[in-house]
Amino acid sequence: MAHPSQLGFQDAASPVMEELLHFHDHALMIVFLISTLVLYIIVAMVSTKLTNKHILDSQEVEIVWTILPAVILIMIALPSLRILYLMDEINDPHLTIKAMGHQWYWSYELTDYEDLNFDSYMIPTSDLSPGQFRLLETDHRMVVPMESPIRMLISAEDVLHSWAVPSLGMKMDAVPGRLNQTTFIASRPGVYYGQCSEICGANHSFMPIVVEAVPLQHFENWSSLMLEEASL
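For the protein, the name recorded in an unreviewed UniProt entry is Cytochrome c oxidase subunit 2, with Lepisosteus osseus as its organism. The heading Subcellular location (unreviewed entry) in the UniProt record of the protein holds the text "Mitochondrion inner membrane". Database annotation for the protein, UniProt heading Sequence similarities (unreviewed entry): "Belongs to the cytochrome c oxidase subunit 2 family."

S.K.: What am I meant to see in the UniProt feature "transmembrane region" (unreviewed entry) in the protein here?
M.R.: On the UniProt side, "transmembrane region" (unreviewed entry) is annotated at positions that read residues 27–51 and 63–85 here. Secondary structure content for residues 27–51 is 84% helix and 0% strand, while the C-alpha to C-alpha distance between its ends is 33 Å. A helix fraction of 100% and a strand fraction of 0% characterise residues 63–85, whose end C-alpha atoms lie 33 Å from each other.

S.K.: Any chance you could explain the pattern of salt bridges here in plain terms?
M.R.: If charged atoms from side chains of opposite charge come close, those side chains can pair. On inspection of all chains with the given rule, the structure shows 4 salt bridges. Notably, a salt bridge pairs Arg82 with Glu19, separated by 2.9 Å at the nearest N-O pair. Taken as a pair, Arg82 in helix α3 (residues 59–88) and Glu19 in helix α1 (residues 15–47) lie far apart in primary sequence, 63 residues in all. Here Arg82 falls in the partly exposed class, since its relative accessible area comes to 47%.

S.K.: Honestly, the UniProt feature "domain: Cytochrome oxidase subunit II copper A binding" (unreviewed entry) in the protein in this entry has me stumped. Any pointers?
M.R.: In the UniProt entry, the feature "domain: Cytochrome oxidase subunit II copper A binding" (unreviewed entry) is given for residues 92–225. The distance from the first to the last C-alpha atom of residues 92–225 is 26 Å, and the span holds 7% helix and 43% strand.

S.K.: Got a minute to help me understand the packing of α1 against α3 in this structure?
M.R.: How two helices pack is summed up by the angle between their axes together with the distance between the axes. Where α1 contacts α3, the axes come no closer than 10 Å and their chain directions differ by 165°. Judged by the angle between their axes, α1 and α3 are roughly antiparallel. Helix-helix and strand crossings are classified by hand; for α1 and α3 the assignment is left-handed. On the side of α1, the interface is formed by Val16, Glu19, Leu20, Phe23, His26, Ile30 and Ile34, while α3 contributes Ile72, Met75, Ile76, Pro79, Ser80, Arg82, Ile83 and Met87.

S.K.: Where do I start with the sheet that holds strand β3 (residues 117–120) in this structure?
M.R.: Through backbone hydrogen bonds, the strands of a sheet pair up, either in parallel or in antiparallel fashion. Ordered by their spatial adjacency, 5 strands build an open sheet running β3-β2-β1-β5-β8, and the pairing between neighbours is mixed. The strands lining the two open edges of the sheet, one partner per strand, are β3 and β8 (180–184). Averaged over all pairs of adjacent strands, the angle between strand axes in this sheet comes to 25°, irrespective of strand direction. As paired strands, strand β1 (residues 95–102) and strand β5 (residues 150–156) are joined by 7 bridges and run parallel to one another. Paired with Lys98 across the two strands is Leu153, which belongs to β5.

S.K.: It is not clear to me how the domain arrangement of the protein should be interpreted in this structure. Could you clarify?
M.R.: How big an interface is tends to be stated in terms of the accessible area lost upon association of its parts. Each assigned domain of the protein is listed with its residue range as follows: domain 1 (13–86) and domain 2 (93–229). Each of domain 1 and domain 2 was reduced to a C-alpha centroid, and the two centroids are 39 Å apart. Taken residue by residue, the interface counts 5 residues in domain 1 and 9 residues in domain 2. Taken over both partners, the interface formed by domain 1 and domain 2 buries close to 570 Å², and the fraction arising from carbon and sulfur atoms is 54%. Broken down residue by residue, the surface that domain 1 buries against domain 2 is led by Ala13, Ser14 and Met17, which jointly contribute 70%. Between domain 1 and domain 2 we count 0 salt bridges in total. Summed over the shared surface of domain 1 and domain 2, the number is 3 residue pairs in polar contact (both at pLDDT 80 or more).

S.K.: Explain the side chain of His161 to me, please; I cannot follow it from the model alone.
M.R.: Considering the arrangement of structural elements, one finds His161 in strand β6 (residues 161–165). Here the side chain of His161 touches Asp158 through a polar contact of 2.9 Å, side chain to side chain. Leave out the neighbours within four places in its chain, and His161 touches Gly101, His102, Gln103, Trp106, Ala156, Asp173, Ala174, Cys196, Glu198, Cys200 and Met207.

What counts as what
- Residues numbered from 1 in each chain as written.
- Predicted model: local features only at pLDDT ≥ 70, side-chain atom pairs only at ≥ 80, totals over all residues.
- Heavy atoms only, no water.
- UniProt positions renumbered as here; feature names shortened; annotations may be inferred.
- Helix = DSSP H or I, 4+ residues; strand = E, 2+ residues; numbered from the N terminus.
- Salt bridge = Lys/Arg side-chain N within 4 Å of Asp/Glu carboxyl O.
- Buried < 20%, exposed > 50% of the residue type's maximum accessible area, 1.4 Å probe, protein only.
- Axes fitted to C-alpha atoms, helices over the stretch in contact; angles between N-to-C directions.
- Parallel < 35°, antiparallel > 145°, perpendicular 65-115°, else oblique.
- Left-handed = near helix turned anticlockwise from the far one by under 90°.
- Contact = heavy atoms within 4.5 Å.
- Pairing = 2+ DSSP bridges.
- Domains from an automatic or database assignment.
- Buried area = accessible area lost by both parts, 1.4 Å probe.
- Polar contact = N/O pair within 3.5 Å; in protein donor to acceptor, adjacent residues only side chain to side chain.

As structure tokens, then:
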């Protein structure tokens, strides 16, 4: 959960998000070193009239400043491609959940169960309980088992939406007529908040996402309770 005046990312709650944080720090350090070097060269050129005739026309210097940027780009590209393939890889998911975007709410269907589906609406500010977050709480949370690979099938029924939970490193567009898929593993129990990240209409900011990761036993109890309610 983000807090006021926070500058960095939210704490990682999945292995993929941990990798993304490490890559962010890696890339940011390279950018910082390049910026420092460029600033030093600018200051040195502006603050002194001295020049070096061996640098003004030097084949060796041209070779260095051609090869060095290529090496730096490779240092950034290889970790980036590794994470990209990790995010796209789906191996033997324990649970499949289909999320459908509507104007303006989300509906979920646990496809491994026969009749386990529900809609998730934002709780109005006037109905919030003490301790709940305004514009982020929903009447039905998406409950998932922790430490289990979850496959998400994401689509929309009307306009473009985007299913995003920053703590889990999740952001996938919901496109009408197209079924996108991604995966995540919640590495610890907790409640993780997200919002639609695609401008989808007047109430775009009023369709939050709440993912609650619980131990497997608690998830089974929750699914049994939801199935009993659906059968009534």
